[in-house]
Each structure stands twice: as structure tokens, then as C-alpha cells.
Amino acid sequence: MKRFDVLRGVSLGFSAVAAGALLLVAGFLLWASLPALSHEGLGLFGTATWAYRKARFGAAAMLYGTAVVSGIALLLAAPLGIATALFVSEVLPQRFRTAAKVVVELLAGSPSVVYGLLGVLFLRSWMQSLTERLGWETLSGDTLLTAGVLLAVMILPTIVSLAEDAFEAVPASRRDAARGLGLTRAETCLTVVVPMAAPGLVGAVLLALGRALGETTAVFLVV
């Protein structure tokens, strides 16, 4: 019991340190933005003109670009990532799961600059060709859609890895009970495994969204 209390105290201490660090970062960002907020007021969020030498600050374009790119990335990566994780957890044979997990973890840990350079070399020209085939008039492949597709590729391994952990956390007894009632593997996955893993799936998507919102290098290279 004492050991449990010690572990609980250590966990609470580290949680408090993490929460304090988060509040410190938020406070620093708020303090550093006070000059712009006092100069522009709420217009900081409603105008798109950013001219430092003229003392005009408008973050609307940055906020819009961040929201659109992250939204495109989630729309593309979330369904594909969850479906891939479900396949790895429920369908793929055990001897191949470890190899798939290692590959996904390596992709999730790759630096963003690597994805950005690959986007410059390949994705940008491919997206330009795609938009021309669709009849969209674009001057180049440097579009928000290109950045969204690139971010989707970047956050996909994160969603797959975390979603697969969520599926693995579902007790095997629930699967056995569902199969004993006559449900097929697909019905078991959809009616038992996915609902029970839903909190973990939401967490996976939110963490992937956090990475998408924080990416700058890769987006800058392709946009």
C-alpha cells in the first residue's frame, strides 16, 4: 500500500510539473502578445495584413491557413489511420504485427524536415498535375491542399500507432464473448472493439491534431 502511495505521489508530482510547464508557456505567449493585442485589439484576429515596419498586425491569414491545412490533414488521415490500426490489431497475423508496429513507429519519429523535402521534390508536382486534370486553375502546386495532404502523411503514423494501442487495450474476453454469440469478425470489430476503444481513438486524433497544428517547417517548404 505504501509503494502504491509513493507511485501515486510521484505520478501526481510529474503531472503537476507538466501542467505548470503548460501554464508557463501559455502565460509567456500571452505576455509576449500583449503589445500586438494592445495596438490592434480584436482586429488582430480579423485582419490579414501583417506589416511589421508599418506597425500593422493581422493574424487572420495565419489562423485561416492553420485551420484549413489541419482540417484537411485530419479528414484524410483520421479515417485511414483508424482503419489501418484496426486491420493491424484485428486482422493481421501476430507474426507480422511487430514488423508493422516498428515501421509505423519509425515513420512517426521521422523529422518534419524530411517530409517537407519529400513534399518539395515529389508531392508538389503531383498535386499540380492532379489539379490540372481536375480543371482547377492554380499557378503552382504550392497550395493549402498540398500542405494538407503532406500533413496527413505526417500525422498518419501517429494515429495508427495510438489507435492500435487503443484497440489492443480492449480485453480479449469481450471479443471471445462476441464471437461466442455468433458475431462475425467484422461485426465484433464494429460493435464491440471500436466502441470500447473510442476514448483512445479520440485521444489519438487529438494528439495528431496537436502535431498538425504545430508543424511549421514542412508546411513552409510546400507553401
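Remember, predicted model here, so these are calculated numbers, not experimental data. (Residues numbered from 1 in each chain as written. Predicted model: local features only at pLDDT ≥ 70, side-chain atom pairs only at ≥ 80, totals over all residues. Heavy atoms only, no water.)

## Some words on the overall build of the protein chain
And then number 1: Along the protein chain, the regular secondary structure elements total nine helices and zero strands.
And then number 2: The order of α-helices and β-strands along the protein chain, N terminus first, is α-α-α-α-α-α-α-α-α.
And then number 3: The C-alpha radius of gyration computed for the protein chain amounts to 22 Å, which surpasses the reference 17 Å derived for 223 residues by more than 25%, pointing to a less compact arrangement than a globule.
And then number 4: Taken along the three principal axes of its C-alpha coordinates, the protein chain extends 70 × 60 × 30 Å.
And then number 5: When contacts within the protein chain are restricted to residue pairs at least 6 apart in sequence, those whose partners lie at least 24 apart make up 68%. (Helix = DSSP H or I, 4+ residues; strand = E, 2+ residues; numbered from the N terminus. Rg over C-alpha atoms; globule rule 2.2 N^0.38 Å. Contact = heavy atoms within 4.5 Å.)

## Topic: the pattern of salt bridges
And then number 1: One pass over the full model with this rule turns up six salt bridges.
And then number 2: The shortest N-O distance in the salt bridge between Arg-175 and Glu-90 comes to 2.7 Å. Linking Arg-175 in helix H6 (residues 172–180) with Glu-90 in helix H2 (residues 60–90), this pair joins segments that are 85 residues apart in sequence.
And then number 3: Overall, the relative accessible area of 13% leaves Glu-90 in the buried class.
And then number 4: Across the salt bridge formed by Lys-101 and Glu-164, the nearest N and O atoms sit 3.1 Å from each other. In this pair, Lys-101 sits in helix H3 (residues 94–108) while Glu-164 sits in helix H5 (residues 144–168), placing the two residues 63 residues apart along the sequence.
And then number 5: On the basis of relative accessible area, Lys-101 is assigned to the partly exposed category, the value being 23%. (Salt bridge = Lys/Arg side-chain N within 4 Å of Asp/Glu carboxyl O. Buried < 20%, exposed > 50% of the residue type's maximum accessible area, 1.4 Å probe, protein only.)

## So, H5
And then number 1: Along its 25 residues, H5 runs 35 Å from first to last C-alpha, staying within 8% of the 36 Å computed at 1.5 Å per residue.
And then number 2: Along its length, H5 shows its largest kink, about 35°, at Ile-155, and proline Pro-157 lies within four residues downstream of that point.
And then number 3: Among the 25 residues that make up H5, 18 are buried, leaving the element largely enclosed by the rest of the structure. (Expected span 1.5 Å × (residues − 1). Bend = angle between axes of the 7 residues up to and from the residue.)

## A closer look at a nonpolar patch on the surface
And then number 1: Nonpolar side chains collect at one region of the surface, where Val-113, Val-114, Leu-117, Leu-118, Leu-121, Phe-122 and Trp-126 lie side by side and expose about 690 Å² of accessible area between them.
And then number 2: Position of Leu-121 among the secondary structure elements: in helix H4 (residues 112–133). (Patch = residues over 30% accessible without salt bridge, like charges linked within 9 Å, V, L, I, M, F, W, Y side chains within 5 Å. Areas by Shrake-Rupley, 256 points an atom, 1.4 Å probe, with all protein chains shown as cover.)

## Examining the packing of H2 against H5
And then number 1: Two elements in contact, H2 and H5, have axes separated by 6 Å at closest approach and are oriented at 35°. The two elements H2 and H5 meet at a crossing, and its hand is right-handed.
And then number 2: Looking at the contact of H2 with H5 residue by residue, the classes come out as 26 nonpolar, five polar and three charged. (Axes fitted to C-alpha atoms, helices over the stretch in contact; angles between N-to-C directions. Left-handed = near helix turned anticlockwise from the far one by under 90°. Nonpolar A, V, L, I, M, F, W, Y, C, P; charged D, E, K, R; others polar.)

## A word on the packing of H3 against H5
And then number 1: Packing of H3 against H5 brings their axes to within 8 Å, and their N-to-C directions diverge by 140°. Viewed along their axes, H3 and H5 adopt a mutual orientation that is oblique. H5 is crossed by H3, and the crossing has left-handed handedness. Two secondary-structure elements touch here, H3 through Arg-97, Lys-101, Val-104, Glu-105, Leu-107 and Ala-108 and H5 through Pro-157, Thr-158, Val-160, Ser-161, Glu-164, Asp-165 and Glu-168.
And then number 2: Looking at the contact of H3 with H5 residue by residue, the classes come out as five nonpolar, two polar and six charged. (Parallel < 35°, antiparallel > 145°, perpendicular 65-115°, else oblique.)

Limitation: the analysis is restricted to geometry and does not speak to function.
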